[in-house]
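Take a look at the letters that make up each chain.
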Amino acid sequence: MIYDQWQQDVLAAEGNLAIRSGRQTGKSTVISKLASDYAKNNPKKLVMVIASTERQAYLLFEKILDYMFINYKEYLKKGKQYQTKTKLELKNGTKIYCLPTGLDGRGIRGFTVDLLIADEAAFIPRAVYNALTPSIATRIKTGARITSLTASQIKHLLHFIYLLRSVQGKIKIFWRLKKNVCLKCPTPKST
Ligand SMILES: Nc1ncnc2c1ncn2[C@@H]1O[C@H](COP(=O)(O)OP(=O)(O)OP(=O)(O)O)[C@@H](O)[C@H]1O
Ligand SMILES: [Mg+2]
């Protein structure tokens with residue numbers, strides 16, 4: 001696949017990203033590659049992909065699975081216990097989880113997260129970000145990243161800002177919103 005320019009920008013960007021892009025423009029596709037590349041290149045990390053519903057989380061997980069199987073199959077641990085409906089383990093010790101948040105994020109507490117990807121972030125309730133803040137804050141110093149994406153603009157950015165502010169109290173955050181990838185993304189056609 002030849003990635004569109006904005007998708008290439010996302011893949012080349014560093015730090016925290018807020019991606020706003022229209023429906024069916026390839027958000028999940030680019031995130032599948034981003035998550036897979038990160039997992040392959042960074043040992044002993046935890047990638048968490050979250051979405052507000054189980055179906056949404058699983059859709060994205062399927063895309064990541066597809067990408068991994070096509071491109072990095074030799075990096076995957078063999079055995080059914082390493083590839084469940086929500087978890088994928090690599091030989092380098094990195095794990096990718098894909099989980100629905102529900103209304104308050106109860107089911108995603110307890111993880112220490114190195115790369116957090118929030119799909120359709122505008123639909124993830126604020127309480128979930130409260131639950132997640134400690135999970136990501138402990139790893140920000142060692143380069144943890146937050147990537148959130150959505151087709152919906154304002155609400156999404158507010159959530160993202162809120163999440164960054166939550167961890168900023170403890171750790172220095174490089175505020176990348178001004179030169180963020182989302183500014184380059186196509187304007188949403190609809191939400
Ligand atoms: N660079 C590309 N070139 C060709 N096809 C692409 C590209 N990026 C994505 N696609 C295709 O476009 C379709 C939509 O992609 P994807 O599901 O990633 O979009 P999305 O923005 O996440 O959609 P939604 O808003 O419904 O969540 C898929 O069929 C995908 O394979
Ligand atoms: Mg999508």
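All of these numbers come straight from a predicted model, not from anything done at the bench.

The subject of this paragraph is the overall build of the chain. Scanning the chain from terminus to terminus reveals five helices and six strands. Going through the 191 residues of the chain one by one, you find that 39% of them count as buried. In the chain, 74% of the contacts between residues at least 6 apart in sequence involve partners at least 24 apart.

The environment of ligand 1 is formed by 12 residues, the closest being Arg23, Gly26, Lys27, Ser28 and Thr29. A per-element tally of the shell around ligand 1 places helix α2 (residues 27-41) first, with three residues. Partitioned by chemical class, the residues of the shell around ligand 1 number three nonpolar, six polar and three charged.

The geometry of a pair of packed helices is captured by two quantities: the angle between their axes and the separation between those axes. Direction vectors running N to C along helix α1 (residues 5-12) and α2 enclose 25°, while the axes themselves pass 10 Å from each other. As judged from the angle between their axes, α1 and α2 are roughly parallel. Pair α1 / α2 crosses with right-handed handedness. Residue-level inspection shows Gln7, Val10 and Leu11 of α1 in contact with α2, the latter providing Val30, Lys33 and Leu34. Here the contact of α1 with α2 is built from residues that sort into four nonpolar, one polar and one charged.

Once that is clear, we can look at unusual backbone geometry. Note on backbone geometry: most residues besides glycine have negative phi, and most peptide bonds are trans. In this model, lysine 44 sits at a positive phi of 55°, which is unusual for a non-glycine residue. Inspection of the secondary structure puts lysine 44 in the loop between α2 and β2 (46-51).

Attention now moves to the sheet that holds strand β1 (residues 17-20). Taken in spatial order, the six strands of this open sheet run β1-β6-β5-β2-β4-β3, and their pairing is mixed. The open sheet terminates on both sides in strands that have one partner only, identified here as β1 and β3 (87-89). Strand-to-strand twist across the sheet, computed as the mean angle between neighbouring axes with direction ignored, equals 10°.

Bringing the environment of leucine 90 into the picture now. Inspection of the secondary structure assignment puts leucine 90 in the loop between β3 and β4 (95-100). In sequence terms leucine 90 and alanine 39 are 51 residues apart; their C-alpha atoms lie 7.6 Å from each other. Once residues within four sequence positions are removed from consideration, leucine 90 is found in contact with Ala39, Lys40, Tyr75, Leu76 and Lys77.

What follows covers the confidence of the model for the chain. Of the residues in the chain, 80% reach a pLDDT of 70 or more, and the chain-wide mean stands at 79. Of all the helices and strands in the chain, helix α5 (residues 154-168) carries the lowest mean pLDDT, 67, while β3 carries the highest, 95. Confidence over residues 169-184 falls short of pLDDT 50; this stretch has 23 contacts with residues more than four positions distant or in other chains.

Here is what the cut-offs are and how they apply
- Residues numbered from 1 in each chain as written.
- Chains lettered and ligands numbered in written order.
- Predicted model: local features only at pLDDT ≥ 70, side-chain atom pairs only at ≥ 80, totals over all residues.
- Helix = DSSP H or I, 4+ residues; strand = E, 2+ residues; numbered from the N terminus.
- Buried ≥ 20, exposed ≤ 12 C-beta atoms within 10 Å, placed from the backbone.
- Contact = placed C-beta atoms within 7 Å.
- Near = placed C-beta within 6 Å.
- Nonpolar A, V, L, I, M, F, W, Y, C, P; charged D, E, K, R; others polar.
- Axes fitted to C-alpha atoms, helices over the stretch in contact; angles between N-to-C directions.
- Parallel < 35°, antiparallel > 145°, perpendicular 65-115°, else oblique.
- Left-handed = near helix turned anticlockwise from the far one by under 90°.
- Pairing = 2+ DSSP bridges.
- pLDDT = per-residue confidence, 0-100.

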